[in-house]
Amino acid sequence: MRYEGAIYRPPSEAYSLIVQVTVGCAHNDCTFCSMFKDKQFHVRKLADILDDLADAHRAYRRVGRVFLADGDALVLPEDELITILARIRELFPECERIGVYGSPQDVLRKGENSLRRLREEGLGIVYIGAESGSDNVLSAVKKGAASAEITEAVRLIERAGIPASVTFISGLAGADGWEDHAVKTGRMITESAPSYVGLLTLMVDPAAPIYYDIKEGRFTLLPAEGVVDETILMLENIDIPAGKTCVFRSNHASNYLSLKGDLPRDKEALLSRLREARGDGAMLKDERFRLL
Ligand code: SF4
């Protein structure tokens, strides 16, 4: 296997075979993100990707999951993706799931029919970084997509029969806009009703542009107690429609409090735990133990 630069994958792909189909992120402008700042975005040659799959077939006896990296594999044309998915199924018939990151724009460009074809060829999950439901926040962090576009992209993925795993970031509005961030994020989750929601908490790497906003006083980090208040308000604004289940996880190394539950069933239990933590700071992870 050949890899270019540092490789990132969602936490739930920890044991997956990672195959780079693109290098870097086509957008690469989000102020909170340092993942691909050192990479010049490009799509890898199809022949090289297929060679990597053949290498992996020689090296591993069993491959249960495959994740197609880097930032937004859905940027590839449909026919190339289908060739890659078909080769994975041929080489690894035991593979249970193939996942990708998808940017909202690439999902919208593909459309429901193309996504359906990709599902039929084996695409099993699309991870999408929404970060916030608030247009104020999305614009401030240069996400490059509006809340309506992200909502529609998540709906399209789900309508095509592919589970969408959507990431949001606590504290992304800082100390000044947290209520708007919380309410609009809760509404986006309600309107898009993804299969999975992952809630991280903002941590700042010095290579991320937002680091300079903090240093120069343009952005004030939300303290741990504020993150709990924000999460309470966000959950209060989530109302998953009847007949749907949204697996809610806030158990990343960056989070102050680990939360897991299925919505709507566990909403009150999650809120109780958060309210308990609001009155007992000892329940919150010490700053020293948080990780990106
Ligand atoms: S957060 Fe995602 S879209 Fe934004 S720069 Fe990082 S990888 Fe690209």
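Trainee: Provide a residue-level description of the overall build of the chain, including the pertinent values.
Mentor: Looking only at helices and strands, the chain features nine helices and 10 strands. Taking 2.2 N^0.38 as the reference for a compact globule, 292 residues should give roughly 19 Å; the C-alpha atoms of the chain span a radius of gyration of 19 Å, in line with that estimate. In terms of its C-alpha atoms, the chain occupies a principal-axis envelope of roughly 55 × 45 × 35 Å. A burial count over the chain gives 50% of its 292 residues as buried. By sequence separation, contacts in the chain at least 24 residues apart represent 77% of the contacts at least 6 residues apart. For the chain, the accessible area works out to roughly 13,300 Å², and carbon and sulfur atoms hold 49% of it. Distance from the positive charge centre (37 side chains) to the negative charge centre (44 side chains) of the chain: 3 Å.

Trainee: Could you give an account of the pattern of salt bridges, with specific residues and numbers?
Mentor: All chains considered together, the criterion is met by 25 salt bridges. Residue Glu-96 is joined to Arg-62 by a salt bridge in which the shortest nitrogen-to-oxygen separation is 3.3 Å. In this pair, Glu-96 sits in the loop between helix H2 (78–91) and strand S5 (97–101) while Arg-62 sits in the loop between helix H1 (46–59) and strand S4 (65–69), placing the two residues 34 residues apart along the sequence. Taken individually, Glu-96 and Arg-62 each receive the classification exposed, so the pair is uniform in this respect. Note that Arg-109 is salt-bridged to Asp-106, the shortest N-O span being 2.8 Å. With Arg-109 and Asp-106 both in helix H3 (residues 104–120), this residue pair falls three residues apart, about one helical turn. The class of Arg-109 is exposed, set by a relative accessible area of 63%. The exposure class assigned to Asp-106 is buried, which follows from its relative accessible area of 4%. Look at the salt bridges and you will find they share partners, linking Glu-112, Arg-116, Glu-152, Arg-155 and Arg-159 into a network.

Trainee: Go over the sheet that holds strand S8 (residues 196–201), please, and point to the residues and values.
Mentor: What the eight strands build is an open sheet, ordered S1-S4-S5-S6-S7-S8-S9-S10; its pairing is mixed. Of all strands in the sheet, those with a lone pairing partner are strand S1 (17–20) and strand S10 (259–263), marking the two edges. Between one strand axis and the next, the sheet turns through 20° on average, direction left out of account. Of the pairings in the sheet, the one linking S5 to strand S6 (residues 123–131) comprises four bridges and is parallel in character. Paired with Gly-99 across the bridge in S6 is Ile-125.

Trainee: Go over H2 with me, naming the residues and quoting the values.
Mentor: Along its 14 residues, H2 runs 20 Å from first to last C-alpha, staying within 8% of the 20 Å computed at 1.5 Å per residue. Looking at the buried residues of H2, the elements they touch are H1, S4, S5, H3 and S6.

Trainee: Describe empty space enclosed by the protein, with residues and values.
Mentor: All chains considered together, the criterion is met by three cavities of 30 Å³ or more. Estimates place the volume of the largest cavity at around 80 Å³. As for the largest cavity, its lining consists of Ser-170, Leu-199, Thr-201, Val-227, Val-228, Thr-231, Ser-250, Asn-255, Tyr-256, Leu-257, Leu-259 and Leu-274. Residue assignment for the lining of the largest cavity shows that the elements contributing at least two residues are S8 and helix H8 (224–236). Ranked by residues supplied to the lining of the largest cavity, first place goes to H8 with three residues. Along the lines of polarity and charge, the residues of the lining of the largest cavity split into seven nonpolar, five polar and no charged. Here the second largest cavity defines a volume of roughly 40 Å³. In this structure, the second largest cavity is lined by Glu-131, Phe-168, Ile-169, Ser-170, His-181, Thr-185, Leu-199, Glu-230 and Met-234.

Trainee: I'd like a description of the packing of aromatic side chains, backed by residues and values.
Mentor: This model, assessed by the stated rule, comprises five aromatic pairs. When the ring of Tyr-8 is compared with that of Phe-36, the centres are 5.4 Å apart and the planes differ by 90°; the resulting orientation is edge-to-face. Of the two residues, Tyr-8 is situated in the segment before S1 and Phe-36 in the loop between strand S2 (22–23) and strand S3 (42–43); the sequence distance between them amounts to 28 residues. Each ring, one from Tyr-211 and one from Tyr-212, has its centre 5.4 Å from the other, and the planes form 90°; the classification is edge-to-face. Feature note: the residues Phe-67, Tyr-101 and Tyr-127 constitute an aromatic cluster, connected by ring pairs.

So, how was this worked out
Residues numbered from 1 in each chain as written. Predicted model: local features only at pLDDT ≥ 70, side-chain atom pairs only at ≥ 80, totals over all residues. Heavy atoms only, no water. Helix = DSSP H or I, 4+ residues; strand = E, 2+ residues; numbered from the N terminus. Rg over C-alpha atoms; globule rule 2.2 N^0.38 Å. Buried < 20%, exposed > 50% of the residue type's maximum accessible area, 1.4 Å probe, protein only. Contact = heavy atoms within 4.5 Å. Areas by Shrake-Rupley, 256 points an atom, 1.4 Å probe, with all protein chains shown as cover. Lys, Arg positive; Asp, Glu negative; His and termini not counted. Charge placed at Lys NZ, Arg CZ, Asp CG, Glu CD. Salt bridge = Lys/Arg side-chain N within 4 Å of Asp/Glu carboxyl O. Pairing = 2+ DSSP bridges. Axes fitted to C-alpha atoms, helices over the stretch in contact; angles between N-to-C directions. Expected span 1.5 Å × (residues − 1). 1 Å grid on protein atoms, 1.4 Å probe; cavity = no way out; pocket = protein on both sides within 12 Å on 5 of 7 lines; lining within 4 Å. Points joined across faces, edges and corners; volume = space filled by probe spheres on them. Nonpolar A, V, L, I, M, F, W, Y, C, P; charged D, E, K, R; others polar. Phe/Tyr/Trp six-rings, centres within 6.5 Å; stacked < 30°, edge-to-face > 60°.

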